[in-house]
Every structure is written in C-alpha cells, then in structure tokens.
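# Inside the fold
What follows is each chain in one-letter form.
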Amino acid sequence: MTQDIYVVIEHLRGQVAEISYVMLAAAQELAKGQNGKVVAVLLGKNAQGLAGNLAADRLISFDHPGLADFTSDAYQKVLAGLIQKDQPRAVFFGSTSIGTDLASVLSIRLGLPLVSSCRLFTPEGKYVSQICGGKIMAEGELPGPTSLVTMVPGGYKPEQGQSNQSPAVTQGEVPSLDSLRVSLKGYIEPAAGDVDIAKEPILISVGRGIQNKDNISLAEDLASALGGVVTGSRPVIDQGWLASSRLVGKSGKQVKPKIYFTLGISGAPEHAEAIMGSNAIIAVNTDPAAPIFNIAKYGVEMDLFDLVEVLTEKVKAAKAS
Amino acid sequence: MNIIILVKLVPDLVEELTVDASGAALDMAWLRLIINEFDDHAIEQGILLKERGGGQVTIVAPDVEGIDDVLFTAAAKGADHLIKVKGDFSAGVNNHALARALATVVKGLQPDLVLTGVQANNDIDGALGPLLAGLLEMPYVGYLSGVAIDGAKTKVRKEYPGGLIAEMEVTLPAVLGVQAAEQPPRYVAVSKVRQVMKTSTIEEQSASPLDPSGGPKISRMFQPETGGRATMLTGTADEVSTQLVGIFKELGVL
C-alpha cells in the first residue's frame, strides 16, 4: 500500500489532453497532506515523449502495441493489475470519453469507492464534486484506503500541472492482452468544409432555449448583423438544428472568441469548460440561477424572443450610422 | 437481438434545486423528475436497431414517481416490454446501488446488448452503464453517437473532443453508453401514449436489497458561490439592446 496519488494520463493521437494537467495539479494539492507523491501513469506505444512536461514525481510507463490507441478493455486490464498491486491512496481519471470508460468498471471490479466529477481537493483529503449541471456542489472526505476519482476541469489551471523537469520513468509490466472484447477499427476525421468556429471572433451560440429549428434564423440574423457565426450547445446539435461542426462543448470544439453571445444556454459544465477562453461572454437566459451567469461578463435575464429581434435592428442601425 | 435499455429519472434542472435539512442531499420533496436525456437517446438508438435488424426491446427502470409515463411513452415509440424494478428508491439512491438492483434483473433477461445514457446529471459515483458492465462482466464503451449490429459484434462510433470519432468493434453481449442516437429522439403524440396505456402492461420485478457501497459519503451539498457573477443589464428589450450595442462598440466589434 502507498499514499501516492496516481494520475492516468489521457492522450489522443500524440497529444496530452488538457485534463491530464488539471488532474496532476489536483493530485499535487491532495498529495501535500497525504504524505505521498504524485505518480503519472502512461499507457501507450512509444508514448514516453509525452511525459516531458508532466508535473509528477515519477512516471510508470506501460508500453505495448495493444495500448497504442485507447480501448477500454485493454486499459482496464493494465490498470486493474497496477491498482491491485500498488494500492495507491487515489487514482485520478478524467471525466471524459476515456476516463469514464474506465473508472466505473474498475470501481466494481476492484471493489473500490469512486467519486465522480470532482473539481477541487484539499491536502486533508476533502473533495468537492459538481452535479446537476454545475448547479450543486457536493463535498466530503475522500474514502480510504484507496479511492478512484474522475475529474472535471475548472478547479485548477492546466499550467499548474506542467513542469520543466521530466519525471523519473519506470516501466510497468503489461499483462497479456489476448482475448480482448473491444478493438479500434479506425478514426473518422471531423467534417471539413464548414467554418472553423475555433477561429471565429464573434459567436452567437444557441441552446435548448431556442426551442425549435425555425428559431435558429433569429440567431443567424443577429450573427450576420454583427459579422459573426452561429454555434450551439449539445442539445441543439443532437436535435439536428445545427451541423455538428458548430458544436461548442466537451465533445465539440473549444472556442476563444472576442465575443461569445449565448441565447438560452444554461452553461452546464460540459459547455462552460469549452468557452472559458472567451474574451467576453454575454449571456441571455430566463433562469436567474443559470450557471452561465457565473462565468459571463454581462448577463440579461430575459426571454430571448423578446430581445433578439430588437437587438438585431439596433446593431444594423449602429452599423449604418 | 435481445436489446435491454436502462432508464433513470433525474432532477429537472430548469426547476430550482434546494438542499434538504440534512444539508447533504437534494430536497426530494420539491424535486421534479424527468427522464435522463441521454437515456432518451438510448431508447431511440435501441428502437432504430430493432427497426433495422429485428429483435426485442425491453425497457428496465427503477420504480419512482413518474416512471409509468416514461415507460408507456417508450412503448408508444416501439419498445416491446416494460419492466419496473420495485425497491425503496424514493429517497434517492446512488448509481452503485441502482446498478446492483438492476443487474440482477438484466442478467435474468439474458441480453445481447444493453444500452443506456452515457451519463446523468445526478451521477456522483460514476455512471450507471459502466457500473452495470462491471457487475455483468461485459465490455463497456461510452460516448457513442452510432451503433450497428454485425453478427456477434457491434460496431460503434465513439466521440472524442474536437469532433473526432473512433470506430470500435465490441463483442456481444456488451453494455454501451449512448451520447446521441443517430437521429433525434422521435416524438409521439400524447393520444398514442394513452392508447398504448390501454394495451401495454408494465411487469414488476423486485430488486435485491439496495447496497450503496462504492459511492462516496457526502457531508455537505451547496450551491456554488457566485463570486464572479455577470454584470446584469436591466430594463426593457429596447433599453437592454442599447446597452448591448454600447458594449459591442467598447469591445471593438461595431
């Protein structure tokens, strides 16, 4: 058993995911009071080059052709063996497409407690987790002796998890990866041809509050008056009201526009994490408790249908004058 | 193809959420529950698979207030069997307890494929799908926006950030976490749901005693502090628009 905090490094096609650095920063904070070190765990094939700037005391590398790309079955097998053998104080996963395929299954297989969507840790071992779209925070003691954790961004800056010193590397022993039930067949690249919303300076972004596809034209009118582009949150894309190339959020694009103007977006964590780099967020929503107002620079508590047409006319008039 | 779809109800985030007198749980008395939107996508994906390749769709859900309507709505969309699992879910249960309660029922149904929403807004101890996969010792893949059956395997499209999609092959039986169905969840008229209520039945099965071990203990729940709150613009639509135009000018876009 060890008091070390293990962080499962997420990477995709040769790039370390930002959440990995956020997890390392959180692990540093927790490790301070737990008399343990921060240990990065890297699974891949010839992936050690990714370890250069990880803020960890040491790194355990599992190098195998079967780990070259993420698949849940192979990763679970390797991590189950490691966690059982070392019994660290905590193991961190991202609350992501990769981490959520692992943490819950391992919790059951290894009989270990799991706290999901954690945002902050204290050295004393307290976690703060966010639920209900970021409207409620839950706090408690991280269960012992070993806990699994999934982390959301927002509590730590990625830079806090970066270092200019490479961690010392040890090789982990990869178990047999025969008879796996999940295999990667290939990747499908995002559709090209549409505007790249990550590069647009003005985004008019619509959420569930836009109500139906016909109403998208209201946002388009405002966008064209301002010289911007219309984007949307997950429900709008899933309903087929906007193309998936316009998705802002966890599984879509991260954006950093000059103005991010939201209409009927509540600001759930999956959306909020993708827009934090915006210069100015301006939010219109009828719900005064919508989390979007906590990250926006300016807010309007109003029905978007009362506002947008009036605003579009005013913008046109200002441009004409 | 025997397809099982797990459904749970979650707090409606449009309503105001309050913390109860214990200070460590949501106040259930005032909570309005709605279907987890990702489960709605799982239902749609399951029915699409049945329409394409045949099979049976069974919906399994814990017995909480409002569940009958959700089950009958799924039947109106094309689900063949409805099962509600009886147990003391009224005070709210964590996903470890719920997964164990549903696992016994699902195992008895001998599924080829189990679909559920990839996550839910009240998850605090992991998601229902992968917990169930762990209990049933089946493979799990989540964040899916496409599922196809190919003999004894399923081909899935798994979403990564930036719009990248991984195509994966998963040996059946498997549990899959649906992010989005291949088409938006279909609409059914209330009249059709009423009609189905007369002809469909909901089977009841009892859950094994609830065992929440594996979930964290929560000592406090609270609404996040709103320190960095937005500067709120007030007035009529006309007045607010004038202020916004001023802000656009200040930011150099007008």
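Residues numbered from 1 in each chain as written. Chains lettered and ligands numbered in written order. Predicted model: local features only at pLDDT ≥ 70, side-chain atom pairs only at ≥ 80, totals over all residues.

Of the regular secondary structure elements, chain B holds six helices and 13 strands. If you line up chain B on its principal axes, its C-alpha atoms span 60 × 45 × 40 Å. The proportion of buried residues among the 254 residues of chain B is 49%. Residue pairs in contact within chain B that sit at least 24 positions apart in sequence constitute 73% of those at least 6 positions apart. (Helix = DSSP H or I, 4+ residues; strand = E, 2+ residues; numbered from the N terminus. Buried ≥ 20, exposed ≤ 12 C-beta atoms within 10 Å, placed from the backbone. Contact = placed C-beta atoms within 7 Å.)

Below, the discussion takes up the overall build of chain A. Counting secondary structure elements, chain A contains eight helices and 17 strands. Relative to the globule expectation of 20 Å for 321 residues, the C-alpha radius of gyration of chain A, 22 Å, shows essentially globular dimensions. For chain A, the spread of C-alpha atoms along the principal axes amounts to about 70 × 45 × 35 Å. By the burial criterion, 56% of the 321 residues in chain A qualify as buried. For chain A, the share of sequence-separated contacts (at least 6 apart) that also reach a separation of at least 24 residues comes to 65%. (Rg over C-alpha atoms; globule rule 2.2 N^0.38 Å.)

As a further point, take the sheet that holds strand 17 (residues 298-301) of chain A. Consider a sheet: its strands pair through backbone hydrogen bonds, and that pairing is either parallel or antiparallel. Taken together, the six strands give an open sheet; going across it, the order is 14(A)-13(A)-15(A)-16(A)-17(A)-13(B), and neighbouring strands pair in parallel fashion. Bordering the open sheet on either side are strand 14 (229-232) of chain A together with strand 13 (231-232) of chain B, each of which pairs with just one other strand. Across two bridges, strand 17 of chain A lies against strand 13 of chain B in parallel orientation. In the sheet register, Tyr298 of chain A faces strand 13 of chain B, and the bridge partner there is Thr231 of chain B. Sitting on the sheet, helix 4 (residues 216-226) of chain A is in contact with strand 13 (202-206), strand 14 and strand 15 (259-263) of chain A, with an inclination near 170° to strand 13 of chain A. (Pairing = 2+ DSSP bridges. Axes fitted to C-alpha atoms, helices over the stretch in contact; angles between N-to-C directions.)

Time to look at the interface of chain A and chain B. Each side of the interface is counted separately: chain A has 76 residues, and chain B has 70 residues. In terms of residue count, helix 8 (residues 304-320) of chain A provides more of the side of chain A that touches chain B than any other element does, eight residues in total. In terms of residue class, the side of chain A that touches chain B is built from 34 nonpolar, 23 polar and 19 charged. Pairing analysis gives three bridges linking strand 9 (residues 136-141) of chain A to strand 12 (residues 220-222) of chain B, with the strands arranged antiparallel. From the neighbouring strand, Ala138 of chain A faces strand 12 of chain B, where its bridge partner is Met221 of chain B. (Nonpolar A, V, L, I, M, F, W, Y, C, P; charged D, E, K, R; others polar.)

Turning our eyes to something else, we now look at the domain arrangement of chain A. All names here are of chain A. Domain parsing of chain A yields domain 1 (5-171) and domain 2 (197-320). Contacts between the two partners involve seven residues from domain 1 and, on the opposite side, seven residues from domain 2. Residues that form the side of domain 1 that touches domain 2 fall into these classes: two nonpolar, four polar and one charged. (Domains from an automatic or database assignment.)

Below, the discussion takes up the pairing of strand 5 (residues 81-86) of chain B. All names here are of chain B. Bridging between strand 4 (residues 56-62) and strand 5 involves five bridges; their strand directions are parallel. In the strand pairing of strand 5, Pro62 is matched with Val85. Where the polypeptide runs from strand 4 across helix 2 (residues 67-77) and back to strand 5, its parallel neighbour, the crossover connection is right-handed. Of the pairings in the sheet, the one linking strand 5 to strand 11 (residues 202-206) comprises five bridges and is parallel in character. Note that in strand 11 the partner of Ile83 across the bridge is Glu203. (Right-handed = clockwise from strand over helix to strand, strands pointing away.)

Consecutive side chains of a regular strand alternate in pointing toward one face of the sheet and then the other. Residue and element names in this part refer to chain A. Of the two faces of strand 1 (residues 5-8), the one holding Ile5 and Val7 and the one holding Tyr6 and Val8 are both buried throughout. With three bridges joining them, strand 1 and strand 6 (residues 90-94) adopt parallel strand pairing. Looking across to strand 6, one finds that Val7 is bridged to Phe92. Of the strand pairs in this sheet, strand 1 and strand 4 (residues 38-44) are connected by four bridges, and their pairing is parallel. Looking at strand 4, one finds that Tyr6 is bridged to Val39.

Next up on the list: unusual backbone geometry. A cis amide bond links Gly144 of chain A to the next residue, Pro145 of chain A, at an omega of -5°. The peptide bond linking Leu172 of chain B to Pro173 of chain B adopts the cis configuration, its omega dihedral lying at 0°. Mapped onto the elements of the fold, Pro173 of chain B is located in the loop between strand 9 (165-171) and strand 10 (174-178). For Cys132 of chain A, which is not glycine, the phi torsion reads 55° and is therefore positive. Considering the arrangement of structural elements, one finds Cys132 of chain A in the loop between strand 8 (126-131) and strand 9.

The next subject is the sheet that holds strand 8 (residues 153-159) of chain B. Here we have ten strands laid out as an open sheet, ordered 12(A)-9(B)-8(B)-7(B)-10(B)-6(B)-1(B)-4(B)-5(B)-11(B), and mixed in their pairing. Bordering the open sheet on either side are strand 12 (182-188) of chain A together with strand 11 of chain B, each of which pairs with just one other strand. Neighbouring strand axes in the sheet, compared pairwise and without regard to direction, differ in orientation by 30° on average. The pairing of strand 8 of chain B with strand 9 of chain B spans seven bridges and is classified as antiparallel. Paired with Arg157 of chain B across the strands is Glu167 of chain B, a residue of strand 9 of chain B.

Counting 129 residues, the largest nonpolar core has Val7, Leu24, Ala40 and Phe92 of chain A together with Ile59, Leu102 and Leu132 of chain B as its most contacted members. The element contributing the most residues to this core is helix 1 (residues 18-34) of chain A, with ten residues. For Leu102 of chain B, the contacting residues outside a window of four places in its chain are Leu6, Val60, Val85 and Leu132 of chain B. Formed by 48 residues, the second largest nonpolar core is a distinct cluster that contains Tyr260, Ile265, Ala272 and Ile282 of chain A. (Core = buried A, V, L, I, M, F, W, Y, C linked by C-beta atoms within 7 Å.)

So, about the packing of helix 3 (residues 103-110) of chain A against helix 4 (residues 128-136) of chain B. Across the interface, helix 3 of chain A lies against helix 4 of chain B with an axial gap of 7 Å and an inter-helix angle of 35°. Helix 3 of chain A and helix 4 of chain B meet at a crossing whose hand is right-handed. In contact with Ser104, Val105, Ser107, Ile108 and Arg109 of chain A of helix 3 of chain A, helix 4 of chain B contributes Pro130, Leu131, Ala133, Gly134 and Leu135 of chain B. Looking at the contact of helix 3 of chain A with helix 4 of chain B residue by residue, the class counts come to six nonpolar, three polar and one charged. (Left-handed = near helix turned anticlockwise from the far one by under 90°.)

Residue and element names in this part refer to chain A. Across its 17 residues, helix 1 extends 25 Å between first and last C-alpha, which sits within 8% of the 24 Å expected from 1.5 Å per residue. Along helix 1, 13 of the 17 residues are buried, which leaves the element largely enclosed by surrounding structure. Positive phi shows up at Asn35, right after helix 1, with a value of about 60°. (Expected span 1.5 Å × (residues − 1).)

Attention now moves to the packing of helix 2 of chain B against helix 5 (residues 190-199) of chain B. Any two packed helices are characterised by the angle at which their axes cross and by the distance between the axes. All names here are of chain B. Put simply, helix 2 and helix 5 touch, their axes get as near as 9 Å, and they point 100° apart. In terms of their interaxial angle, helix 2 and helix 5 are classed as roughly perpendicular. Where helix 2 abuts helix 5, its residues Phe72, Thr73, Ala75 and Ala76 lie against Lys192, Val193, Val196 and Met197. Taken together, the residues of the contact of helix 2 with helix 5 sort by class into six nonpolar, one polar and one charged. (Parallel < 35°, antiparallel > 145°, perpendicular 65-115°, else oblique.)

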